Structure formats: C-alpha cells, structure tokens
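Structural features, examined
Chain by chain, the residues:
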Amino acid sequence: MNIILMGPPGAGKGTQAQRLENKLDIIQLSTGDMLRSEVSSESDIGLEAKEVMNSGGLVSDELIIAMISMRIDKEDCQNGFILDGFPRTSLQAEALDSMLIEKGLKIDHVIEIEVDDEAMVNRITGRYSCSSCGAGYHETLQKPKVEGICDNCGSNEFKYRDDDNAETVRERLNSYHQQTAPVLEYYREKDILKGVNGMAPINQVEDQLESIVG
Ligand code: AP5
C-alpha cells in the first residue's frame, strides 16, 4: 500500500507516519529527514539544501524528485511506502504521477491532516527527537514515558532541528499555503483526497487514519 500524508509543518505527518509504518509494515519516506541526513553528512545535496531549509523555503523540485525516485526503487519500499513531505509543489505531484506509471505503481490514499496554523508554532518549537532512533517527542504534548529516556530504544540523547524556531516556522507555513495548497487541489480533483482532524489527540488522529487505510 502506498500513502501520501499531507499537512502543514507540525500537522503530525512524521508522528503518524512512524505509527503507520509499524502497523502496516511499510516504510516512511520523509524528504525532510532525507535532506537533514544529507546536511549532516555535508554532501553536495546537503550543502545546496541547508540554507534553503534554514530560511523556511523549498529545496529545488529537480533535486527532490530525483531523490525520491531513487529511494522508491530500493528493496525496502517493495511492501509500500508513506510519503511524508512530498509532493509539495504541483510540479512534484505531476512528476510523482509520471514516475509511478513508469515503475508500475500507484498511490492508494492521499490524506490531509487538517490543523489550525496558530497551534503549529507551539507544536514545532517544543519538538525534539531521539538522536539514536529518530522517535519524535514534544516538551509538553508528547513526553517520553520516563523522562530523559527514549521509549523506543532507551537512548538518553535527544536533538532539536535547526529550522524549528518560531521565525522559520512562520516562513514554512507561508511556503505551505503558497506552494503546497495547490497540490491538495490536484488530488481533490482526482477524487482521492481524504481528510482527518489533526487537532485531535495523537491516538485519535491515528484511529482516524486507520479507519481510512483499513
Ligand atoms: P519537513 O521535515 O518535511 O518539515 P515539515 O513539512 O515542515 O513538517 P514537520 O516535520 O515540521 O511537521 P510534521 O507534520 O511531520 O509534524 P510532527 O509529526 O513532527 O521539511 C523540512 C524542510 O525540508 C522544508 O522546510 C523544506 O525546506 C525541505 N523540504 C522537505 N521536503 C521537501 C520537498 N518535497 N520539496 C522541497 N523542499 C522540501 O509533529 C510536530 C510536533 O507536534 C511533535 O512534537 C509531535 O509530538 C506533536 N504532535 C503531533 N501530532 C499532535 C497532535 N495530534 N496533538 C498534539 N501534538 C501533536
């Protein structure tokens, strides 16, 4: 099964993708995570992407499309994948359709996590993740069961993202409304867009998603 999760920064795409990944035995493909890993390894892609990401803008379509196309061909995507953060522009959505036809694949569900922008700044500025396994947490909204210890792998090291400050979040929200909103329209016209209430507690959002993907 192949799924696209849509929604603005902080909507809960990553949080829910991690849960669906475990439940459905399919893989989360986060373009943001892929880019952050390129930035940490100081690769050519990382050097190109770093400044754009820190300003809250979008990295070039060509780079992102090539990165996703190569990733989908990997063995671990055979069971299916959850696209988290892609497509983000109309050009990316059209390129995705063409690449899926070429690969003999299709998207089964496009789901928008619907939220209020005002709450997103708080969600994002309090967010952190496990340095070892990447599990996501929040200072007030989603704490580990034992303070300072990752629920998933037991590590006691955590990190914050460079672009998770209030100013950049507002720019990311702007980019979303200007460049990604048309992508929602693209899927609405194809009649495959569904929505869930992302303002509900995390477990309830998960239940809503499960009732769509079965
Ligand atoms: P990316 O990493 O994709 O960031 P984003 O889209 O801004 O989304 P986030 O990861 O910030 O939010 P999320 O929806 O995953 O929320 P989360 O689950 O963590 O992209 C980063 C940058 O990379 C972009 O700005 C761009 O520059 C570049 N980029 C990436 N893809 C690109 C592309 N395709 N094209 C061009 N450029 C690209 O949740 C947030 C917090 O809220 C967490 O702490 C969580 O615990 C909490 N939370 C989640 N759900 C709930 C809930 N229901 N109730 C209460 N708290 C909740």
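Structure: see above.
In what follows, the accompanying structure is described. (Residues numbered from 1 in each chain as written. Predicted model: local features only at pLDDT ≥ 70, side-chain atom pairs only at ≥ 80, totals over all residues. Heavy atoms only, no water.)

1. Comments concerning the pairing of strand E4 (residues 109-114)
Burial analysis of E4 places five of its six residues in the buried class, which makes it a mostly covered element. For strand E1 (residues 2-6) and E4, the ladder comprises four bridges, and the chain directions are parallel. Looking across to E4, one finds that Ile 4 is bridged to Val 110. Of the strand pairs in this sheet, E4 and strand E8 (residues 193-197) are connected by five bridges, and their pairing is parallel. The partner of Ile 113 across the bridge, within E8, is Val 196. (Buried < 20%, exposed > 50% of the residue type's maximum accessible area, 1.4 Å probe, protein only. Helix = DSSP H or I, 4+ residues; strand = E, 2+ residues; numbered from the N terminus. Pairing = 2+ DSSP bridges.)

2. Concerning the site of the ligand
In the vicinity of the ligand, 36 residues are found, and the nearest of them are Thr 15, Gly 57, Arg 88, Arg 127 and Gln 142. Contact distances for the ligand include 2.7 Å between a nitrogen atom and a side-chain N or O atom of Thr 31. A distance of 3.5 Å separates a nitrogen atom of the ligand from a polar atom in the side chain of Arg 123. Look at the ligand: alone it shows 1,000 Å² of surface, and the protein chains cover 95% of it. (Near = heavy atom within 4 Å. Polar contact = N/O pair within 3.5 Å; in protein donor to acceptor, adjacent residues only side chain to side chain. Areas by Shrake-Rupley, 256 points an atom, 1.4 Å probe, with all protein chains shown as cover.)

3. Thoughts on the sheet that holds strand E5 (residues 127-130)
Strands sit in the order E6-E5-E7 across an open sheet of three strands; the sheet is antiparallel. At either end of the open sheet lies a strand with only one pairing partner, and these are strand E6 (136-138) and strand E7 (158-159). With three bridges joining them, E5 and E6 adopt antiparallel strand pairing. Paired with Arg 127 across the bridge in E6 is His 138.

4. Some remarks on the nonpolar core
Formed by 33 residues in total, the largest nonpolar core has its most connected members in Phe 81, Leu 83, Leu 96 and Tyr 187. Where this core is concerned, the elements lending two or more residues are E1, strand E2 (27-30), helix H2 (31-40), helix H3 (44-55), helix H4 (61-72), strand E3 (81-84), helix H5 (90-103) and helix H7 (166-189). The residues touching Leu 83, leaving out its near neighbours within four places in the chain, are Ile 3, Ile 4, Leu 5, Leu 29, Ile 68, Leu 96 and Ile 107. In terms of nonpolar packing, the next biggest core, distinct from the first, is built from 21 residues, Ile 111, Val 115, Leu 173 and Leu 209 among them. (Core = buried A, V, L, I, M, F, W, Y, C linked by side-chain atoms within 4.5 Å. Contact = heavy atoms within 4.5 Å.)

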